[in-house]
Amino acid sequence: MNSGETDTPLLPRAVVAGHGEFASGLVSAVEQITGRGAQLVPIAVHGMRLEDIESLLRDRMMAAGVRVIFTDLQAGSCTMAARRLLRGIDGGVLIAGVNLPTLLDFVFAEGSDPVEAARHAAERGRSAIAVHANAPAGATGA
Amino acid sequence: MTLVLNRIDDRLIHGQVVVGWGQPRDIRFIVLVNDDVAASDWEQELYRMGVPPEMTVYFHDVPGALVKLDEYRADPRAGILLTGDIPTMRQLVERGRVTEVNVGGIHSRPGREQRLRYVFLSLDEASELRAMAAAGATVTAQDVPGARPVPLGDLLSGNHT
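A brief look at the structure comes next. (Residues numbered from 1 in each chain as written. Chains lettered and ligands numbered in written order. Predicted model: local features only at pLDDT ≥ 70, side-chain atom pairs only at ≥ 80, totals over all residues.)

Let's shift gears to the overall build of chain B. A count of helices and strands for chain B gives seven helices and nine strands. Computed over its C-alpha atoms, the radius of gyration of chain B comes to 15 Å, within 12% of the 15 Å expected for a compact globule of 161 residues. Projecting the C-alpha coordinates of chain B onto the three principal axes gives extents of approximately 40 × 30 × 30 Å. Within chain B, the fraction of its 161 residues that count as buried is 43%. Residue pairs in contact within chain B that sit at least 24 positions apart in sequence constitute 71% of those at least 6 positions apart. (Helix = DSSP H or I, 4+ residues; strand = E, 2+ residues; numbered from the N terminus. Rg over C-alpha atoms; globule rule 2.2 N^0.38 Å. Buried ≥ 20, exposed ≤ 12 C-beta atoms within 10 Å, placed from the backbone. Contact = placed C-beta atoms within 7 Å.)

In structure tokens form, the structure reads like this:
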């Protein structure tokens, strides 16, 4: 049961795939912050061949009825497998390098087409990285 | 520099290769030897998109790689020679004077037996690794730089704990 504002069950709108428990960790954080984690299907990839990762992604996407994939790393095997898979999915989209702000933006765009919501969320995630640095003790500035 | 790693990895270019090895070793090029990829522009584009801008990927089939290997060895940059299977690397050992082989990732499929968390081998593949060693190559298994290299003898005997 989700803790979001809507009473209707949240349907999956995307899968999230990555190394180790990356995906379940992110989805857990989305659920904790928004109660909307059920929109995301986490997929953990541990030591699999590329062909098997592609098959796993395909099965989960078909089962969930989604055409949006978020992956962790541009160079990662999940991304490679997802790119192969997307050749056969009309209108599908892959967002590589996903972070928490990306997924938060995505799950709040429930009324939007998931593919467009994913594109928007990617821009949000890209701009959400900030560096906060304290000046070293004794520094006086130029 | 030169080719600093000769790796067998059935996922070819992926996180462990590009980030795990690539960053600490300052890898600037990858020589990917795979007949299917060498014959497909789409596959090549797929793998090119997986590497950072400062890293170049060269694609070859086995004959093409054999012609260019000495040139890559003389390259001032650090590079990785990468194959997706054992038979391809065996050809590079026996015909291309590759003397060190890293077994980086060979994953589960029917007919293979688990040897390490990231290495599954059929009997034929185990024989091919032995043949590489018999040809003079030092063969070890190691997925990431921080892991302990497992010598071939230990890998095949199961004595690697």
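Before going further, it helps to spend a moment on the sheet that holds strand S4 (residues 93-96) of chain A. All names here are of chain A. The strand order across the open sheet formed by four strands is S2-S1-S3-S4, and the pairing between neighbours is parallel. For this open sheet the edge positions go to strand S2 (40-45) and S4, each flanked by a neighbour on one side alone. Neighbouring strand axes in the sheet, compared pairwise and without regard to direction, differ in orientation by 20° on average. When strand S1 (residues 14-19) meets S2, the two strands line up parallel, connected through six bridges. Residue pairing in the sheet places Ala14 in a bridge with Leu40 of S2. The strands touched by helix H2 (residues 50-64) within the sheet are S1, S2 and strand S3 (68-71), with S2 carrying the most contacts at an inclination of about 165°. Across the sheet, helix H5 (residues 114-126) touches S1, S3 and S4, and the angle it forms with S4 is around 20°. (Pairing = 2+ DSSP bridges. Axes fitted to C-alpha atoms, helices over the stretch in contact; angles between N-to-C directions.)

On the side of chain B, 14 residues touch chain A, which itself brings 13 residues to the contact. At four residues, helix H3 (residues 77-86) of chain A tops the list of elements feeding residues into the side of chain A that touches chain B. Grouping the constituent residues of the side of chain A that touches chain B by class yields five nonpolar, six polar and two charged. (Nonpolar A, V, L, I, M, F, W, Y, C, P; charged D, E, K, R; others polar.)

This brings us to the packing of helix H4 (residues 62-73) of chain B against helix H5 (residues 86-96) of chain B. Residues and elements named next belong to chain B. Across the interface, H4 lies against H5 with an axial gap of 10 Å and an inter-helix angle of 40°. The pairing of H4 with H5 is recorded here as oblique in orientation. Of the two possible hands of crossing, H4 and H5 adopt the one that is right-handed. Packed against H4, whose contacting residues are Val62, Ala65, Leu66 and Leu69, the element H5 presents Thr88, Gln91, Leu92, Arg95 and Gly96 at the interface. Considered class by class, the residues forming the contact of H4 with H5 number five nonpolar, three polar and one charged. (Parallel < 35°, antiparallel > 145°, perpendicular 65-115°, else oblique. Left-handed = near helix turned anticlockwise from the far one by under 90°.)

Another point: H5 of chain B. Residue and element names in this part refer to chain B. If you check which residues of H5 are buried, you get Ile86, Met89, Arg90, Leu92, Val93 and Gly96. In this structure, the buried residues of H5 make contact with strand S1 (3-9), strand S2 (27-33), H4, strand S4 (78-83), strand S5 (100-105) and helix H6 (123-134). Once H5 ends, the next one or two residues include Arg97, with phi positive near 60°.

Take unusual backbone geometry next. A negative phi holds for most residues other than glycine; trans holds for most peptide bonds. Residues and elements named next belong to chain B. Its identity as a non-glycine residue notwithstanding, Leu12 has a phi of 55°, on the positive side. The class for Leu12 is buried, based on 24 C-beta atoms found within 10 Å. If you check the backbone angles, Arg97 has positive phi at about 60° while not being a glycine. With respect to the helices and strands, the residue Arg97 is situated in the loop between H5 and S5.

So, about the environment of Val101 of chain B. All names here are of chain B. Relative to the elements of secondary structure, Val101 occurs in strand S5. In sequence terms Val101 and Val139 are 38 residues apart; their C-alpha atoms lie 4.7 Å from each other. The contacts of Val101, once residues within four sequence positions are left out, are Asn6, Ile8, Met89, Val93, Met132, Ala137 and Val139.

As a further point, take helix H4 (residues 100-107) of chain A. All names here are of chain A. For H4, the full list of buried residues reads Thr102, Leu103, Phe106 and Val107. On an axial view of H4, the arc spanned by its buried residues comes to 120°, and they lie on one face. On its buried face, H4 is in contact with S1, helix H1 (22-34), S2, S3, S4 and H5. (Arc of directions from axis to C-beta.)

Let us look at the nonpolar core. The biggest cluster of nonpolar side chains holds 83 residues, and the ones touching the most others in it are Ala14, Val15, Val16 and Ala17 of chain A together with Ile13, Ile30 and Leu32 of chain B. Ranked by residue count, the leading element in this core is S2 of chain B, at six residues. Sequence-distant contacts of Val16 of chain A, that is, excluding residues within four places in its chain, are made with Ala23, Leu26, Val27, Leu40, Val41, Pro42, Ile43, Phe70 and Val98 of chain A. (Core = buried A, V, L, I, M, F, W, Y, C linked by C-beta atoms within 7 Å.)

Turning our eyes to something else, we now look at the packing of H1 of chain A against H4 of chain A. Residues and elements named next belong to chain A. Their axes nearest at 10 Å, the elements H1 and H4 cross at an angle of 50°. What the angle tells us is that H1 and H4 run oblique. For the element pair H1 and H4, the recorded crossing hand is right-handed. Note on element contacts: H4 touches H1 through Leu100, Leu103, Leu104 and Val107, opposite Leu26, Ala29, Val30, Ile33 and Thr34.

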